[in-house]
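Per-entry structural report
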Amino acid sequence: MLLVEFNRLYLDFLARGGSWKQGDWLITLAAGPLRRGILGSAILWGADALHIGPITAVVGLQALLLTVLVAGTLIGAWRFLGRPEMAALILSPALFPVFWANNPFGAERKELIGFAAFALVAVAQTRSKVPGALLALAVVVFLIGAFGHEANALLAPAFAVMLWIAGRQKGVSGPGSLVLPALALAGSAAAIAYALRYSSVADVTPLCQPLIDRGLDPRFCDTGAIAWMDKDIAFGRAAVAGMLKTWPWQGFFLVYLAASAPAIYAAWCCRGRRLLLGLFLLTGLAILPLYPVAMDWGRWLDLHMVSFTFLFLSLLLAGRVALQRPGRLTLVLPMLIAGLLWSPAHVYGIKIPILRTLLCPFLEACTQ
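Each value, and the rule that gives it
Residues numbered from 1 in each chain as written. Predicted model: local features only at pLDDT ≥ 70, side-chain atom pairs only at ≥ 80, totals over all residues. Heavy atoms only, no water. Helix = DSSP H or I, 4+ residues; strand = E, 2+ residues; numbered from the N terminus. Expected span 1.5 Å × (residues − 1). Buried < 20%, exposed > 50% of the residue type's maximum accessible area, 1.4 Å probe, protein only. Arc of directions from axis to C-beta. Salt bridge = Lys/Arg side-chain N within 4 Å of Asp/Glu carboxyl O. Phe/Tyr/Trp six-rings, centres within 6.5 Å; stacked < 30°, edge-to-face > 60°. Lys NZ or Arg CZ within 6 Å of the ring centre and 35° of its normal.

A look at helix α10 (residues 179-197)
- The first and last C-alpha atoms of α10 sit 27 Å apart over 19 residues, in line with the 27 Å expected at 1.5 Å per residue.
- Taken as a whole, α10 has its buried residues at Pro181, Ala184, Gly187, Ser188, Ala191, Tyr194 and Ala195. End-on, the buried residues of α10 take up no more than an arc of 155°, which puts them together on one face. Facing away from the buried side of α10 by more than 90 degrees, the exposed set consists of Val179, Leu196 and Arg197.

Encoded structure:
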């Protein structure tokens, strides 16, 4: 997965960036205070300081965070991957390895920052040295992600609980165990308030000018994330309503249920299943505010699965839940196969890559 995603990032670099995949990282404060703009301005400042182009800076940052995410996930999950139900969980259709591999247009968006912060906490739980420094770094990364994209801020409850679990595991007790979780929650609340206060601008032209000055094609801003910055929440709600006129919303529940099966079954195989199933519901509820206002429903499902999976790993690493009897192969094997055959689409519906591969010679869309 890492090799596939690195190759795609290299192709993005050769193509001078995508208006969504890299464009969202280059929203700046050039038109005044604006949600997601703080991170974009910081990236431009860093690119200028290093004497590199904006796309080079974004692709490099995406590659770095992707490496942290994949490495951290493997480090945190390694001792459990011999269990078939845990392997099925890590390779489930809606979790980032399969989901991103099957949805390149929705991969490496800014939730990558929040996911990397979760991975850093998992690494801290496996280390006897400098876990405190890793946890503090994770909070800094997470808050950068929260101000970079408001969707990350909705992961704050799960992230704060994971920080608390990790702190207690490493011997931090009493009020001290609440400092980093409280900081993550307070910072995320501030990020949401900022995003709501400065949700859009009247004219996106000033946002594009710094990029044109640095050599990007003006057409980079004609569509994509930067062009979207003159749209408010009401526009997002209308876009979702229009989508549901084309796609029956009931079908999404079936996709959600199928994508959730590996997570639910892995939790069922544990001592402490009630706690895990309760956390599965709560982590899903935290993401609900995104669905009425933004169309990328598959990405929001991925947010749910990632936050729950890292909480699950955190509880296992801390010994607060434990794997019991191995999952039944007759149930786990179909889940593993499903993870290689399909995933939710990054907006709505499903993606079936093996059928696309077979039919590609006969589809004009494969050349687009």
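What to know about the pattern of salt bridges
- Taken as a whole and judged by the stated rule, the model has 13 salt bridges.
- Across the salt bridge formed by glutamate 150 and arginine 35, the nearest N and O atoms sit 2.6 Å from each other. Pair noted here: glutamate 150 is in helix α8 (residues 150-153) and arginine 35 is in the loop between α1 (2-14) and α2 (37-50), with a separation of 115 residues, a long-range link. Each of the two residues, glutamate 150 as well as arginine 35, counts as buried.
- A salt bridge links glutamate 111 to arginine 299, with the shortest nitrogen-to-oxygen separation between them at 2.7 Å.

Focus on the packing of aromatic side chains
- Scanning all chains against the criterion turns up 19 aromatic pairs.
- Put simply, the rings of Phe252, Tyr256, Tyr291, Trp297 and Tyr348 pair up and form one aromatic cluster.
- One cation-aromatic arrangement involves lysine 231 over phenylalanine 235; the distance from NZ or CZ to the ring centre is 5.4 Å.

Note that all results are geometric; they support no functional claim without further evidence.
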